[in-house]
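The residues making up each chain are set out below.
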Amino acid sequence: MAERLIPLAVLLGLGLGLWQALGLPSPAAGPPDGAAALVNGRPIAEAEGRRAVEAIARDKRAPMTAADRQRALDNLISEELLVQQARAIGLLESDRGVRKALVDAMLQFIKAGTESTVPDEAALRALYRDRPELGQIPAQYRLSHARLETDPAPMVAALRNGQSFAEVFAGPLSASTLPAGWLSRRSLSAYLPPSLLSLLEQAGPGEILGPVTIDSRAHFLWVQDRQPASRPDFDTLRPQLESLWQREAAERAVADYLQRLRADAEIRQVLLQDASR
């Protein structure tokens, strides 16, 4: 009997040696150092386990128990099993929703590396100088508008004879829906046609524009007053400049990361055809 057990012990020893030589964990061994669990050969880091325990602890009023800690680990194991199964059945490649969530997570991972980077004074001042449109307050106008469906010649003559805009265009025939008060060009675009708005660029306070014929109607504009475009100073815009710098730094990080991936990848492509053909 003892003689028959010797070859079996030798075989077991050889098998264990081969298992270890291949770098595989011992069947009876626990997870490797730094891992809280091993799921189909993939480790779950202890740090991840601690974060899961802390998440449960934040929601509890009573002290944490061993059952709570085990529940945190079980949740991570279940998550890992689902991820592995999703990969095994090709869900990561085939499901558009899963792919988009994965891409979004990767983008957030790349951008996270730039969150601790702070721009210096020179970089912010260069951004302020190179982006004159940033924070700009557009020009504002106070206007009166008249729209006629009759011959505008008598009105032109009256204006030339010194009558005021309000006197000449009093009455229902010249009624306009233009609201009172200061208005930007963007606001005015809801009331006035583009060809009329373009005349405002060079118009000064007190100037009367027109007649401009549009769709058989004669339009007049009286520029009562105008405030030129302005821009806050550097210190006022500093928070906005810092936010823009951070956003563009994150965009550059993504572009650089993708460029490195493309450089290391083998990519073959064809020109996509128009789907309407």
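These numbers were taken from a predicted model, which means no experiment stands behind them.

**Some words on the pattern of salt bridges**
Inference 1: The tally for this structure, following the rule as stated, stands at 14 salt bridges.
Inference 2: Across the pair Arg238 and Glu121 runs a salt bridge, and its minimum N-O distance is 3.0 Å. Taken together, the residues Arg238 in helix H11 (residues 234-264) and Glu121 in helix H6 (residues 121-130) connect sequence positions 117 residues apart.
Inference 3: You can call Arg238 partly exposed: its relative accessible area is 24%.

**Observations regarding the environment of Arg129**
Inference 1: Examined against the element boundaries, Arg129 turns out to sit in helix H6.
Inference 2: Taking C-alpha positions, Arg129 is 9.2 Å from Phe234, a pair spaced 105 residues apart along the chain.
Inference 3: In terms of polar contacts, Arg129 uses its side chain to reach the side chain of Asp130, at 3.2 Å.

**Remarks on the environment of Tyr257**
Inference 1: Relative to the assigned elements, Tyr257 resides in helix H11.
Inference 2: For Tyr257, a relative accessible area of 24% gives the class partly exposed.
Inference 3: Residues Tyr257 and Ile110, 147 residues apart in the sequence, show an inter-C-alpha distance of 7.6 Å.
Inference 4: Not counting chain neighbours up to four residues away, the residues in contact with Tyr257 comprise Met106 and Ile110.

**Some details on the sheet that holds strand E6 (residues 217-227)**
Inference 1: The four strands are arranged E4-E3-E6-E5 in an open sheet whose pairing can be described as antiparallel. The outermost strands of the open sheet, each flanked by one partner alone, are strand E4 (183-184) and strand E5 (208-214).
Inference 2: Bridge count between strand E3 (residues 140-148) and E4: two bridges; the pairing is antiparallel. Bridged to Gln140 within E4 is Ser184.
Inference 3: Lying over the sheet, helix H7 (residues 153-160) contacts E3, E5 and E6, oriented at roughly 30° with respect to E6.

**What about the packing of helix H5 (residues 96-112) against H11?**
Inference 1: Remark: H5 packs on H11, axes separated minimally by 8 Å, with the N-to-C direction vectors making an angle of 115°. Between H5 and H11, the angle is such that the two are roughly perpendicular. For the pair H5 and H11, the sense of crossing is right-handed. Of the residues in H11, those touching H5 at Met106, Leu107, Ile110 and Lys111 are Ala250, Ala253, Val254 and Tyr257.
Inference 2: Split into classes, the residues belonging to the contact of H5 with H11 amount to seven nonpolar, no polar and one charged.

**Thoughts on the pairing of E5**
Inference 1: Pairing of E5 with E6 involves five bridges; the strand directions are antiparallel. Following the sheet pairing, Thr213 is matched in E6 by Ala218.

Quick notes on the rules
- Residues numbered from 1 in each chain as written.
- Predicted model: local features only at pLDDT ≥ 70, side-chain atom pairs only at ≥ 80, totals over all residues.
- Heavy atoms only, no water.
- Salt bridge = Lys/Arg side-chain N within 4 Å of Asp/Glu carboxyl O.
- Helix = DSSP H or I, 4+ residues; strand = E, 2+ residues; numbered from the N terminus.
- Buried < 20%, exposed > 50% of the residue type's maximum accessible area, 1.4 Å probe, protein only.
- Polar contact = N/O pair within 3.5 Å; in protein donor to acceptor, adjacent residues only side chain to side chain.
- Contact = heavy atoms within 4.5 Å.
- Pairing = 2+ DSSP bridges.
- Axes fitted to C-alpha atoms, helices over the stretch in contact; angles between N-to-C directions.
- Parallel < 35°, antiparallel > 145°, perpendicular 65-115°, else oblique.
- Left-handed = near helix turned anticlockwise from the far one by under 90°.
- Nonpolar A, V, L, I, M, F, W, Y, C, P; charged D, E, K, R; others polar.

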